[in-house]
Structures are given as C-alpha cells and as structure tokens.
Amino acid sequence: KILSRIGRIVRFSQLAIKLHSVESIYSRTEITKQLSDFYLALASENLKEVRVASYLMLGRIVPAYKSLEFNLSSKLVIRALARAAASLDESQQEDLFGNAVAQDQHVGAVEQRFKEVGDLGDLAQDILEEKEAYPELSIQEVFDQLEEIARFSGSGSQEQKLSALTDLLHRVTPLSAKYIVRIIVGKLRLGFSEKTLFDALSWARTGS
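Residues numbered from 1 in each chain as written. Predicted model: local features only at pLDDT ≥ 70, side-chain atom pairs only at ≥ 80, totals over all residues. Heavy atoms only, no water.

Asker: With reference to specific residues and values, describe the overall build of the protein.
Answerer: When its secondary structure is counted, the protein shows eleven helices and zero strands. Its helices and strands taken in sequence order, the protein reads α-α-α-α-α-α-α-α-α-α-α from the N to the C terminus. For the protein, buried positions account for 47% of its 208 residues. Summed over its atoms, the accessible surface of the protein is roughly 10,600 Å², and 49% of this surface lies on carbon and sulfur atoms. (Helix = DSSP H or I, 4+ residues; strand = E, 2+ residues; numbered from the N terminus. Buried < 20%, exposed > 50% of the residue type's maximum accessible area, 1.4 Å probe, protein only. Areas by Shrake-Rupley, 256 points an atom, 1.4 Å probe, with all protein chains shown as cover.)

Rendered as structure tokens:
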C-alpha cells in the first residue's frame, strides 16, 4: 500500500499545520505521538519526503556534521518580507501599512512591525496573511529551494538569496512562510530535538 502511493505530492502547508499544532503542546509524549502520526501519514503519501521533512522539523537542511548555513541576517529577511509586501496589490498594501508606499518605504514599515511582533516568523505570517493565493509547493520543493538559497555564494550571492527567498514566500501559505522564515533564521521554537524524532519514528514503526 505504501509503495503504491510513493510520489504523491505532499504540500509544505501540511507540514506547517502540523508544526503549528505541535508548537502549542507542552507534553513531550503528546508531541511524540503527533509527530508519529505525521510520519505515518507522510509515509502513506510520499515515503521519500520523510527524510526531508525530518531535517526541516529540526530547522536545518543537512545533517549536523555538515556545514551549510543560510547566512541571511534578520535585516535581509526583513528586506525580503518588504519586497513580498510591496508586490501585493494596492488595496492589500493599504490594509498592511495604511497607504500604498514604495518598496524602500516598506522596509521601514516592516522593521517597525517587527519591533511590535518580536518574531520574524510571526511577522512573515502577519504580513502575508492578506496576499492572493498562489500554487503551493511540496515539502520536497521547499526543501530544494531552501538548499539552493543556502548554497548561493560569492559575488552577488546576497541579492540572489534575497530574490530567491522573496520568490519562495510568494509561493507558499502565510503559515508556511512563518516556519520557512524561522528555519532560515535558526529559531524554529518547537520544543523538541532529534531524540524526540527518534521516538516518533519508533512509535510510527512499532506502535510504542
């Protein structure tokens, strides 16, 4: 049954919804059970994405023994969010910032909002809440784009990272944007570690 369903697209938004539910749970046992259920559901849809989802749930894209950093500061993430906000239609800009303003002015507005919100992930969700719907990416597609962002290097790489992140934010749900931004800045804040994932995998495989 599992093998016959490998390859079905699993949207990143499904992972984001699960992370959102886990974020509000304080019981490690319940977190483990929730992650176990997600692993089982994911395996039944696309077994290959269990691997990449595991890395993303730990807030990274490579094993701990490998060095691959995003190298995107909070200021650059704010610029990406400002670009995303600037691309909204005029009425949406008015909802967000009171009036339609140029992109460079959006940066100041986003910086001010960040001071109020205090979390870049929550800020991303807040800013993009009113955007028009876009086709959603799969877990694998988001993983691949994050890896591409991390691997940009050399002259002009910061602008490449900025453009790629802005494009990625356009193609996901606001809740997905929240966790993508948190992964990039290294502050996923989910309250579990590799050990919890080991337990969740064990639970998914053996039932305990």
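Here the narrative resumes, following the displayed structure.
Asker: Before we move on, can you summarise the packing of helix α3 (residues 49-57) against helix α8 (residues 139-151) with the specific residues and values?
Answerer: Put simply, α3 and α8 touch, their axes get as near as 9 Å, and they point 55° apart. On the basis of the axis angle, α3 is oblique to α8. In this structure, α3 crosses over α8, and the sense of that crossing is left-handed. Contact residues: α3 offers Glu-49, Val-52, Ala-53, Tyr-55 and Leu-56, while α8 offers Ile-139, Gln-140, Phe-143 and Leu-146. By residue class, the composition of the contact of α3 with α8 is seven nonpolar, one polar and one charged. (Axes fitted to C-alpha atoms, helices over the stretch in contact; angles between N-to-C directions. Parallel < 35°, antiparallel > 145°, perpendicular 65-115°, else oblique. Left-handed = near helix turned anticlockwise from the far one by under 90°. Contact = heavy atoms within 4.5 Å. Nonpolar A, V, L, I, M, F, W, Y, C, P; charged D, E, K, R; others polar.)

Asker: Go over the pattern of salt bridges, please, and point to the residues and values.
Answerer: On inspection of all chains with the given rule, the structure shows 14 salt bridges. Notably, a salt bridge pairs Asp-199 with Arg-28, separated by 3.1 Å at the nearest N-O pair. Of this pair, Asp-199 sits in helix α11 (residues 194-206) while Arg-28 sits in helix α2 (residues 28-45), and the two are 171 residues apart along the sequence. Look at Asp-199 and you get partly exposed, because its relative accessible area is 34%. (Salt bridge = Lys/Arg side-chain N within 4 Å of Asp/Glu carboxyl O.)

Asker: Requested: an account of the environment of Glu-130, with residues and values cited.
Answerer: As for its position among the elements, Glu-130 is in the loop between α7 (120-128) and α8. Sequence separation of Glu-130 and Pro-174 is 44 residues, and the distance between their C-alpha atoms is 8.5 Å.

Asker: Can you break down α3 residue by residue, with the values?
Answerer: With eight of nine residues buried, α3 lies mostly within the body of the structure. For α3, every residue scored as buried is listed here: Glu-49, Val-50, Val-52, Ala-53, Ser-54, Tyr-55, Leu-56 and Met-57. The secondary structure elements touched by the buried residues of α3 are α1 (12-23), α2, α8, α10 (174-185) and α11. The positive-phi residue at the C-terminal boundary of α3 is Gly-59, with phi of around 80°.

Asker: Outline the confidence of the model for the protein, supporting the account with residue identities and numerical values.
Answerer: Overall, the prediction assigns the protein a mean pLDDT of 85, with 87% of residues at 70 or greater. Between residues 1-6, whose pLDDT stays under 50, and residues either more than four places distant or in other chains, the model counts nine contacts. (pLDDT = per-residue confidence, 0-100.)

Asker: Before we move on, can you summarise unusual backbone geometry with the specific residues and values?
Answerer: Positioned with a positive phi, Asn-71 is a non-glycine residue whose angle comes to about 55°. Note on Asn-71: relative accessible area 55%, which makes it exposed. Even without being glycine, Arg-189 reaches a positive phi, approximately 60°. Along the chain, the position of Arg-189 falls in the loop between α10 and α11.

Asker: Help me get a handle on the side chain of Thr-196, residues and values and all.
Answerer: Inspection of the secondary structure puts Thr-196 in helix α11. Classification of Thr-196 as buried rests on a relative accessible area of 3%. Polar contacts involving the side chain of Thr-196 include one to the side chain of Arg-28, which spans 3.5 Å. Filtering out sequence-adjacent residues up to four positions away, Thr-196 remains in contact with Arg-28, Ile-31, Thr-32 and Leu-35. (Polar contact = N/O pair within 3.5 Å; in protein donor to acceptor, adjacent residues only side chain to side chain.)

Asker: Explain the nonpolar core to me, using residue names and the numbers behind them.
Answerer: Residues Leu-56, Ile-61, Ile-139, Leu-146, Leu-165 and Ile-180 are the most contacted members of the largest nonpolar core, which totals 63 residues. The dominant element in this core, judged by the number of residues it contributes, is helix α4 (residues 74-86), at eight residues. Setting aside residues up to four positions removed in sequence, Leu-146 forms contacts with Leu-56, Ile-61, Phe-70, Leu-168, Ile-180, Ile-183 and Ile-184. (Core = buried A, V, L, I, M, F, W, Y, C linked by side-chain atoms within 4.5 Å.)

Asker: Go over α11 with me, naming the residues and quoting the values.
Answerer: Taking 1.5 Å as the rise per residue, α11 with 13 residues should run 18 Å; its terminal C-alpha atoms sit 18 Å apart, in good agreement. Those residues of α11 that sit buried are Thr-196, Leu-197 and Ala-200. Down the axis of α11, the sector holding all buried residues measures 100°, keeping them to one side. Turned more than 90 degrees off the buried face of α11, the exposed positions are Lys-195, Phe-198, Arg-205 and Thr-206. On the buried face of α11, the contacting elements are α2 and α3. Directly after α11, the chain includes Gly-207, whose backbone phi takes a positive value near 90°. (Expected span 1.5 Å × (residues − 1). Arc of directions from axis to C-beta.)

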